[in-house]
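# Close look at the chain arrangement
Each chain is listed here by its residues.
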Amino acid sequence: MHTTATNDHASATDQPWSDEQTRQHLQVLVEGVAVLAGFEQSAISLRRGDEFEVVAGAGEGVVENIVGRRLPHHVVEGELAKADHWDAWRFVPHDRVGDEVLEYSHVPAAGELDAPDAWHPLDLLTAPVYDDDGVLRGLLSVDGPRDGRRPGADQLALLQKYAGLARTSVLLALEREDLSRRVRLADEARQIVRRALGEPTLDQVLAACRSAVTECFGAVGMWLTAFDEDGGDTTAWYAVGTDAQPVFSDIDDVVLRLAHRYWADQHVAHFSRARSTQPGLPSADAERLLTFLEGIGVGSVLFVPMGAGPQCLGFLALSRVSDTPAWTDMEKEAALDIGRDLGHAVANARALDAERALVEELRRLDGYRVSLVNTLAHELRTPLFSISANLELVESDQLGEEDRRCVAAAVRGTTRMRSVVDDLLTMAAIADPQREFVPEQVDLRQVLLEVAEECQPAAQARSQNCRLDVPETPVLVAGRPEELHRMFSNLSSNAIKYSDDGADIDVRLVEDSGEVRISVTDSGLGISEEDQARLFQEFFRSTNPDATSRPGTGLGLAIVERIVRRHSGRIDIESKLGIGTTMTVVLPRGTDTDVLADDTPDLAAGTPETVTEPAPAS
C-alpha cells in the first residue's frame, strides 16, 4: 500500500486512542473491506494536525509495515487533486502517482495480469472522509484486489457502502479521541488552576494557568473579571497571538449583572448568534453583547461565573472564533469547576491584599509610635538631667529634716523617671520596624556570667542565695549580645526585686536537641493566672498589692518578650501566687564555629554566680 509514510519522514503527534473499543471498531471495518470487498489489504488513516496516521489495517504485512506510519497532509491533498472520482472513492492510476507519495510508500511485491483492466501495484484507491465543514479528516484505502483487476460495478457498489461506514466510524473515532483529549486537558487545567491558587495576586494566578485553560477548551482567548470589595472590578485579558485588550466597559453593565445571577444558579451560559437567548438576558442586551463580541473577532463565548460560597466574585469568559464546535456539556461542567477554583483564587488574593494593607498600616503606626516615643524620651532626658543636677546642689547638711525628706523624694522620683525614659528608649529601639537585625555569634554562658556579676551586689544586699548552673564550655546562639544581656538582666532584676530577703534564686543553662534553654526560678511572690495572661503587655503592673508596692516601669518584661521574639525564641511561664515563678527562655542553638574568648569572672566563694529569675512585671 502506498497511502502511508514512514516515521522517518514525519514528526509524530503521539495522540493516544480514546479507548480500545474505538480501535476495535476501526479494525473490524478494515477487515470487512478486505474480506468482503475482495482486497488483500486495507487501512484507515486519521488526520492528526498536518499528518495522516495509519491507525488500523488488515492483510499480510500491513500491521507490521503500515500501521503507525504517517503521511504529510499536503502529499495526500496533492494525490486526491489528480484522482478520478468513482463516487465516494478516488482512483489514481499508477502513471499519475507522484514521486513524492512513492517516497513515503510501502509497495509489496505482486504479480500483474496482462489485461486492459489489470490492477497495477502502484494504483491508488482511497475513500476520503470529509466532515460537515468539508475538512478532510481521514482515509479508507484498499490495495491488491484478489482477482487482480480494477473494481467492477458490483465491487464498487460494495465499496461505496464501506465508504459510508468509514465516514461514520472515522468521524466518531476522531470525536471520541478529541473528547478524551479534552477530558484529559480539562483535568490537567483544573490541576494547574489549583496549583496556581498559591500565587499572591490574581494576575499571577491567571498567568500561571491561562495557556492550559484556553488549550483545554479549544479557545482562542479568555478574559477574567474579578469584583472588588468596594464595588469596582478588575479585568485581565488573554488572547492567543495578540496583546490588544478590548474595551470591556462597553458591556460591563450586562455581564456584571449576569455573573451574580449565574453564580446563584450555578449556570454556565453559551453565547453566540445561534444561542442569543439566555436566562436573565433581554434581547437588546443580547444584541449589544453579540455585536461587541463580533467586533473583537469572537463568534462564541462560554460565560462562567466565579465565586466562593454564596458570594459571586467575578466571571471567566472563554472565546472561540465561531460556534463550531459547540461547547459541550462536559466542557461546561469542567469550566464551572474552574470558575469555583478561580473564585477561591480571587478570595485568596483579596485576603492577601487586605493582610498586606493591614501589615503596612501597622508598620506605619508602629513607626509613628517609635518616633513619638523616641522624641518624648529624648525631650524628657534634658530636663531630668537638669533637675537631678540641681537636686544634688540642694542637698546639704544645712537643710532641715523636712527639707531633706522632700529633696530625697524628688531624687527618687527623678531616678524612676530616668528608668522609665531608658526603658522607653530600649523598647522603641527593639520594636522599630526599620531597625535591621544583624545577628552574630554569642556565647550565652558568658552573657549569664556577666549578668550575674552585675546583679551580685543587689542580691548580696538582701542576703539572697543565687545559684548559677552553666556548662563548662561555651553555649552559642545567633543574636545581638547587647539585647541578650538586657533580656537576662531584666529577668535577674525581677527575680531579686520580687523575692524576699534570704530567698533562693536558681539560674540554669542547658542545651537540648538544637535548642538552648535558660530557666530562672525564684521562690518569690508568684504571679496569678489572670496576671500571667497580660504579663508581657507594655506598662502592665501586677494586680498583686505586694508587687505594685515595689518600684518598676511596667516595661521590663515587655522588653524581654520582644527580644526573645527578635531572636526567634519563646518564653514560658510557670508560676503560682505566693509560691514562686519559673521563666524559661528557649532559643535556637547556634553553630559550633569560632567561640568568643572566655572572660569568666572570678566569683568569690559563696557569692551568687548568676541572678536570673522572673517574677511579676517590673
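Residues numbered from 1 in each chain as written. Predicted model: local features only at pLDDT ≥ 70, side-chain atom pairs only at ≥ 80, totals over all residues. Heavy atoms only, no water.

Attention shifts here to the overall build of the protein chain. A tally of helices and strands in the protein chain yields 15 helices and 19 strands. Out of the 618 residues belonging to the protein chain, those deemed buried represent 47%. Relative to all contacts within the protein chain whose residues are 6 or more apart in sequence, the contacts with residues 24 or more apart total 72%. Here the protein chain has roughly 30,000 Å² of accessible surface; of this, 50% comes from carbon and sulfur atoms. (Helix = DSSP H or I, 4+ residues; strand = E, 2+ residues; numbered from the N terminus. Buried < 20%, exposed > 50% of the residue type's maximum accessible area, 1.4 Å probe, protein only. Contact = heavy atoms within 4.5 Å. Areas by Shrake-Rupley, 256 points an atom, 1.4 Å probe, with all protein chains shown as cover.)

Attention shifts here to a nonpolar patch on the surface. On the surface, Leu358, Leu362 and Leu365 cluster together to form a nonpolar patch covering roughly 280 Å² of accessible area. Its location among the elements puts Leu365 in helix H9 (residues 329–394). (Patch = residues over 30% accessible without salt bridge, like charges linked within 9 Å, V, L, I, M, F, W, Y side chains within 5 Å. Salt bridge = Lys/Arg side-chain N within 4 Å of Asp/Glu carboxyl O.)

What follows is about the environment of Tyr498. You can see Tyr498 is positioned in the loop between helix H12 (481–497) and strand S16 (504–512). Taking the C-alpha atoms as reference points, Tyr498 and Ser523, 25 residues apart in sequence, are found 8.9 Å from one another.

Our focus in this paragraph is the nonpolar core. Core analysis: the largest hydrophobic core is formed by 41 residues, its most contacted members being Leu444, Leu448, Met487, Phe488, Leu509 and Ile518. Secondary structure elements with two or more residues in this core: helix H10 (401–431), helix H11 (444–461), strand S14 (465–469), H12, S16, strand S17 (515–522), helix H15 (556–566) and strand S19 (580–588). At eight residues, H11 tops the list of elements feeding residues into this core. Discounting chain neighbours no more than four positions away, the residues touching Ile518 are Leu444, Leu448, Phe488, Val507, Arg508, Leu509, Met583, Thr584, Val585 and Leu587. With 29 residues, the next largest nonpolar core counts Leu302, Leu313, Ala335 and Val346 among its residues. (Core = buried A, V, L, I, M, F, W, Y, C linked by side-chain atoms within 4.5 Å.)

We now examine the pairing of strand S18 (residues 570–576). Looking along a regular strand, one sees the side chains alternate between the two faces of the sheet. Note that S18 and S19 share seven bridges and pair antiparallel. Following the sheet pairing, Ile571 is matched in S19 by Val585. Between S18 and S19, which pair antiparallel one after the other, the connecting turn spans three residues, and Gly578 there sits at a positive phi close to 85°. (Pairing = 2+ DSSP bridges.)

One way to put it is that helix H7 (residues 252–265) packs onto helix H8 (residues 283–295) with a least axis distance of 10 Å and a crossing angle of 115°. Viewed along their axes, H7 and H8 adopt a mutual orientation that is roughly perpendicular. The two elements H7 and H8 cross, and the hand of that crossing is left-handed. When H7 is examined against H8, the residues Asp253, Val254, Val255 and Arg257 are found in contact with a partner set consisting of Asp285, Arg288 and Leu289. Grouping the constituent residues of the contact of H7 with H8 by class yields three nonpolar, no polar and four charged. (Axes fitted to C-alpha atoms, helices over the stretch in contact; angles between N-to-C directions. Parallel < 35°, antiparallel > 145°, perpendicular 65-115°, else oblique. Left-handed = near helix turned anticlockwise from the far one by under 90°. Nonpolar A, V, L, I, M, F, W, Y, C, P; charged D, E, K, R; others polar.)

Turning to the pattern of salt bridges, a few remarks are in order. Enumeration over the complete set of coordinates arrives at 33 salt bridges. Put simply, Glu287 and Arg273 hold a salt bridge, and the shortest N to O gap is 2.9 Å. Linking Glu287 in helix H8 with Arg273 in the loop between strand S10 (269–272) and H8, this pair joins segments that are 14 residues apart in sequence. In this structure Glu287 comes out as partly exposed when scored by relative accessible area, which is 37%. Of the charged contacts, one joins Glu440 and Arg480 as a salt bridge, the two residues approaching to 3.1 Å between their closest N and O atoms. With Glu440 in strand S13 (residues 440–443) and Arg480 in the loop between strand S15 (476–479) and H12, this pair connects stretches of sequence that are 40 residues apart. With relative accessibility at 37%, the residue Glu440 sits in the partly exposed group. Salt bridges sharing common partners tie together Asp512, Glu515, Arg517, Arg570 and Asp572.

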